[in-house]
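Commentary on secondary and tertiary structure
What follows is the residue order along each chain.
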Amino acid sequence: MVETFQQTFGAPLWLAVVLASGLKVTLILVGGSLGMMFLTWYERRAIAYMQDRRGPNRVGPQGSLQPIAEAIKTMTKEDTTPLEADRVVHFLAPVVMLAATVLTFAIIPWGNLFPSDLSVGVLFFVAIGGLHTLGMLMAGWGSNNKFALLGGMRGVAQMVSYEIPQVMAVIPIVLMTGTMSMQRIVESQSGFGGLGWNVFTPVGFFAFALFFVASLAEGERTPFDIPEADSEIVAGYMTEYTGMKFAVFYLANYMTNLAICFITASIFLGGGNGPGVNELGGFLGGFLSLIYFFIKALFLFFIMVLIRATVPRLRVDQLMGFAWKFLLPLVLVNILSSALWVAIIRWDQQAQIFTQWFGAPGTADAPNFVRLGVAVAVTIMINLGALVMVMGLNNRASQARMHTTDEELALGL
Amino acid sequence: MTLANRQGTGAVVPVERNDQRFRAGQGTAAGLSIVFRKFRKALFGKPNSDRSDTEGQFNVQYPEERLSLPEAYRNMPILLFDDATGHELCTSCFQCERVCPPQVIHITQAKDPATGKPVPSAAEFIIEYDTCMSCGYCAEVCPFDAIKMDHDYELSTSNHPELDVNYNRLLRPVSYYETIAPTLWNDVRESAMKKLQNNIKRRPGAIGVDHGQKVGAKAAPAAVARPADPAGAGASAVVPAAKRAPVAAIGKTMSEEKLAKLQSIRADNQAKRGGAGAPVDSAHAVEAAVGVQPDTAQVAAPDAATPGSVAPGATGPVAAVGTSMSEEKRAKLEAIRAAKRAQGGE
Amino acid sequence: MLKTEELRINIGPQHPSTHGVFRMLVTVDGETLVDLKPVFGYLHRNHEQLGEVNSYLQNMPFTDRLDYFNSMINNHAYARSVEMLAGIEVPERAQYIRVIMDELSRILNHATALGFMLGDMGAWQTALLWGLREREKILDLFEYVSGARMMCNYARFGGVARDIDDYFITETRKLMDGLPHYFDDFEGLLTNSEIMLARARNIGVLPKELALSYSVTGPVLRASGVPYDIRRAEPYAVYDRFDFDIPVGTVGDVYDRFLVRIAEMRQAYRILEQAFQQLPEAGGGHINPKVKQQSLKPPIGEAYARVESPKGELGFYLVSDGTGNAYRYKVRAPSFINLTALADMCKGYKLADAMVILGSIDIVMGEVDR
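In this report, we go over the structure that sits alongside the text. (Residues numbered from 1 in each chain as written. Chains lettered and ligands numbered in written order. Predicted model: local features only at pLDDT ≥ 70, side-chain atom pairs only at ≥ 80, totals over all residues. Heavy atoms only, no water.)

1. Some thoughts on the overall build of chain B
Scanning chain B from terminus to terminus reveals 13 helices and seven strands. Considering chain B as a whole, with its 346 residues, one finds that 45% of them fall into the buried category. Sequence-distant contacts, at least 24 apart, represent 72% of the contacts inside chain B between residues at least 6 apart. Accessible area of chain B: about 16800 Å², with a carbon and sulfur share of 56%. (Helix = DSSP H or I, 4+ residues; strand = E, 2+ residues; numbered from the N terminus. Buried < 20%, exposed > 50% of the residue type's maximum accessible area, 1.4 Å probe, protein only. Contact = heavy atoms within 4.5 Å. Areas by Shrake-Rupley, 256 points an atom, 1.4 Å probe, with all protein chains shown as cover.)

2. Here's the deal with the side chain of Ser 320 of chain C
Residues and elements named next belong to chain C. Turning to its location among the elements, Ser 320 is positioned in strand 8 (residues 312–320). Side-chain polar atoms of Ser 320 contact the backbone oxygen of Pro 299, separated by 3.3 Å. There is a polar contact of 3.0 Å between the side chain of Ser 320 and the backbone nitrogen of Gly 322. Beyond its immediate sequence surroundings of up to four residues, Ser 320 is in contact with Tyr 56, Leu 85, Pro 298, Pro 299, Ile 300, Gly 301 and Tyr 327. (Polar contact = N/O pair within 3.5 Å; in protein donor to acceptor, adjacent residues only side chain to side chain.)

3. Digging into the nonpolar core
Phe 157, Phe 168, Phe 258 and Leu 342 of chain C are the most contacted members of the largest nonpolar core, which totals 208 residues. It is helix 11 (residues 254–278) of chain C that contributes the most residues to this core, 14 residues altogether. Not counting residues within four places of it along the chain, the set of residues in contact with Phe 168 of chain C comprises Ile 100, Met 101, Leu 104, Leu 141, Tyr 144, Val 145 and Phe 276 of chain C. Counting 40 residues, the second-largest nonpolar core is a separate cluster that includes Phe 125, Ala 139, Cys 142 and Ala 192 of chain B. (Core = buried A, V, L, I, M, F, W, Y, C linked by side-chain atoms within 4.5 Å.)

4. Considerations on the interface of chain C and chain B
Counting from both sides, the interface comprises 67 residues of chain C and, opposite them, 56 residues of chain B. The largest share of the area that chain C buries against chain B comes from Gln 58, Glu 194 and Arg 241 of chain C, three residues that together contribute 12% of it. Joining chain C to chain B, the criterion identifies three salt bridges. Across the contact surface, chain C and chain B share 18 residue pairs in polar contact (both at pLDDT 80 or more). Where the side of chain C that touches chain B is concerned, the elements lending two or more residues are helix 2 (60–64), helix 5 (126–146), helix 6 (166–190), helix 7 (194–200), strand 6 (246–248) and helix 11 of chain C. (Buried area = accessible area lost by both parts, 1.4 Å probe. Salt bridge = Lys/Arg side-chain N within 4 Å of Asp/Glu carboxyl O.)

5. What to know about the sheet that holds strand 3 (residues 32–39) of chain C
All names here are of chain C. One open sheet holds the three strands; their spatial order is 1-2-3, and the pairing between them is antiparallel. In this open sheet, the two edge strands, each paired with only one partner strand, are strand 1 (6–11) and strand 3. In this sheet, neighbouring strand axes are inclined to one another by 20° on average, regardless of whether the strands run parallel or antiparallel. Each of strand 1, strand 2 (23–29) and strand 3 touches helix 14 (residues 351–361); the most contacted strand, strand 2, lies at about 150° to it. (Pairing = 2+ DSSP bridges. Axes fitted to C-alpha atoms, helices over the stretch in contact; angles between N-to-C directions.)

6. Description of the packing of helix 7 (residues 146–177) of chain A against helix 15 (residues 316–346) of chain A
All names here are of chain A. Across the interface, helix 7 lies against helix 15 with an axial gap of 8 Å and an inter-helix angle of 10°. Classified by the angle their axes make, helix 7 and helix 15 are roughly parallel. Here the contact of helix 7 with helix 15 is composed, by residue class, of 24 nonpolar, five polar and two charged. (Parallel < 35°, antiparallel > 145°, perpendicular 65-115°, else oblique. Nonpolar A, V, L, I, M, F, W, Y, C, P; charged D, E, K, R; others polar.)

7. Comments concerning the interface of chain A and chain B
Each side of the interface is counted separately: chain A has 19 residues, and chain B has 26 residues. Taken as a group, Tyr 49, Asp 52 and Arg 54 of chain A account for 37% of the area that chain A buries against chain B, more than any other trio of residues on that side. Seen at the junction of chain A and chain B, the total is two salt bridges. The closest approach of N and O atoms between Arg 58 of chain A and Glu 64 of chain B, which form a salt bridge, is 3.2 Å. For the side of chain A that touches chain B, the secondary structure elements donating two or more residues are helix 2 (13–50), helix 14 (282–310) and helix 17 (369–399) of chain A. In terms of residue class, the side of chain A that touches chain B is made up of ten nonpolar, five polar and four charged.

So, to be careful, I would describe these as geometric facts and stop short of saying anything about function.
This is how it looks when you write it as structure tokens:
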């Protein structure tokens, strides 16, 4: 894009860079906001059908302009700050939240279009996602409200806990593709006629499931919507926010979800790859890849909605237990099996024994199906074994009564 | 058969807690599949109509679509008058006032101006709609079937005092009640009419026909003319009839019903938009029949044109009976104001 | 050990999940609940004093406003109390009609109560809206027969206000065709869900002895393992003619209360089926014509009649001094008495559990505060 500005308009390099970046940022911001608006409508309609209702269908065709009506409403609402609140922190919290969210959009590959190709894209996503925590804590602390404080604390505990399984769930993919760049990861999934997605390998599938579950917690989706559990702590850290600031929190929240869907679709579901993209090529191929990409992301979001419509939320201690006792062991085992996968598929000189048993490693044109089969069998076995074991352990623990008695409380145990 | 004839049986059954040893998400998956089935059925299924359906979309799109109300539906009490003679059925026996639990009914009995003796008719009848709890006792105890429960539930207003409803605005023709509750009225019609005839004999002059607007006893012709007048009576009967289909069936509206309702809503809207149209007609008709001053007749027009107000037939003639000077002045003032309001509105 | 500080939180009276204007003064240590003090009275409407000022009939519509989910059952209980006081016979058909209405309202109450409980748990209202769907259908029927959806005001002394007709019966049959599907859907949605189990099992345990000492009644008591149901213990109306089971729990936790309510809906369905089979012909009359409804003056004496409302034992105590209005009028509201056990049920659990436990008691503030 920089070249386009330089060549077509004859702009100097610095101007071209500024213009190109500005255009990209604008596109991302507008796209993200529109995407959030679409998501709120989409979620409400889908959840309504699950509940035998119709959902918003008044404003615009099929209610599609409902989010705009609500945006206008929130903008015209009075913006209040509690008297005792820390005004600066209170004001900055939504800003920090939104900024952190928007930054994650920098590395999202829109089909075959990349705003920015960082060599550490995956790491960037996770690191920036951590900034959310700061916004939550600021909102919870700055509001000077007990519910907000509880919500903020819950949020921090949750985010910090779930970032670990989230990061570790991506490691198998990094091992398999050998890169952290989102662009490279997406490109690596274009084999098998556009269907060589990571999710179709056992390791990738487990990683996908674990990453998605951890991301639900990162995006504060049910069953992990504890920081804003409306039936317990009113609205969590958002309790004292009104008007546009509240809307900004919501915007950040839904944009995070959108980003999570996009990232998951890119890393595990092949991004814009699909049958026909490579064959068409050029502009049409790009367009098709964009469509594939959106379909995948919306499918993921539908699963989020389905889960939201069905299950209750976990309790705080159960949430922590789930992250540390369930997700983390499985993620670690998955890293091990992905290492084995890479070894079985690729090692040639490093381990002569594999070559003796299974033949030479395959290439992209002629894959070695023996090696592939063995790798699939081994990784499935390891992962399933670990799953059964961890579940068994957790089941046994949950059978035991979890009730603290009065005496224990009195003793401060 | 006495109560102790049959002995019911049954056991004490501990509920099954399903404490299976191993849980691997199968329970949650089952729930997800049920919700997904619901989603599929609601998305692709037809909107649901039958009471036995448990899948589909159950919304009633309120302003366009309405559930038909059962005959027994009770919202707020109204008073009836006879279409043919214009006589009100109420005899001010005070039964309803006495039974009313929140005590919102206030009746003043009419007196014969000549003798000063009480007459079986109400001079003023006020119900505080805002405090009424819609229990329906007044309609239940009324020995003359004069007070009935209305089906109009769209009563919201920004004018609170308006909810102290006076006699004038409480009255509806019997034909209106017949449209909303045909079988219920059928059951009591004969006795009610018989009692009414008896009471009419005991009402001297025009008492009991001028809707509580005790401005003078000379208004009899107006009242008699009103029901005969096609525009007034027609409008009074037709509008509510079309508005609320008098169908006994409860449940979702059927397609024919929907059609009828749609038409009625359109007619309503037209009437509102047209503003002057129908009511002016009725006012002219009243004028022609009664031969009163045009300006007093005009009072009827805007009054009837206000949306949600009582049927034109009920109000029109009322305005047409102003005789005493002060009353007339007041009426004129009101007419001017109403005209202004109508202009502003349009 | 780390020194922690206790935090006092005031939950309510304006809070999304306190089921009305109910306030909980909660002391938490981190997320663990150390103390809970229920505060109520925000919805006090002087109901009992009104009942002493009004005549017996005039008080009937006020009983609708107690537990506004089950006005049919409130009416039934109050009518029964007055009938006991004045010695009024009730025709058999009226008894059956009352039973039909009671069981329909038991289904609708449990459907919504469980929905709200799951809503408190964080399940995004799906179960609640399915419950409300069935409730709407039942309310349509109530509206058809009594004229109002919620404030039915249907019972009269010695019978019911209006007879039911063939249309009502066929429509109820249709409704009953759909009900088992609803029960199955509802049960399949979350009963075995792992998250539900984690949130509900062994939470808010109310031991049998404690429940009895608090004189808790209804599903809460039965979930604690006491098979006490007034329909069986002291059969009123025609409940001694039906076959139905009394589901009881074994642990007394939130999960047991959930399961007991689902089972009770199924039993209510069974009773409905039998009631329609046994319903006498219309000839019997729906009301005792000898009773003077408006000017009822029961002889001097007192009466306490109780029914099994979906929330527990609903009793009306009346003392007559021979005049047209009661000398003393007292309501034994099940929600109110069950609520007293809340503090003991909540202590030691997490803050989030307190909401679920409150939801599992199934309170209605109209009844608690009266």
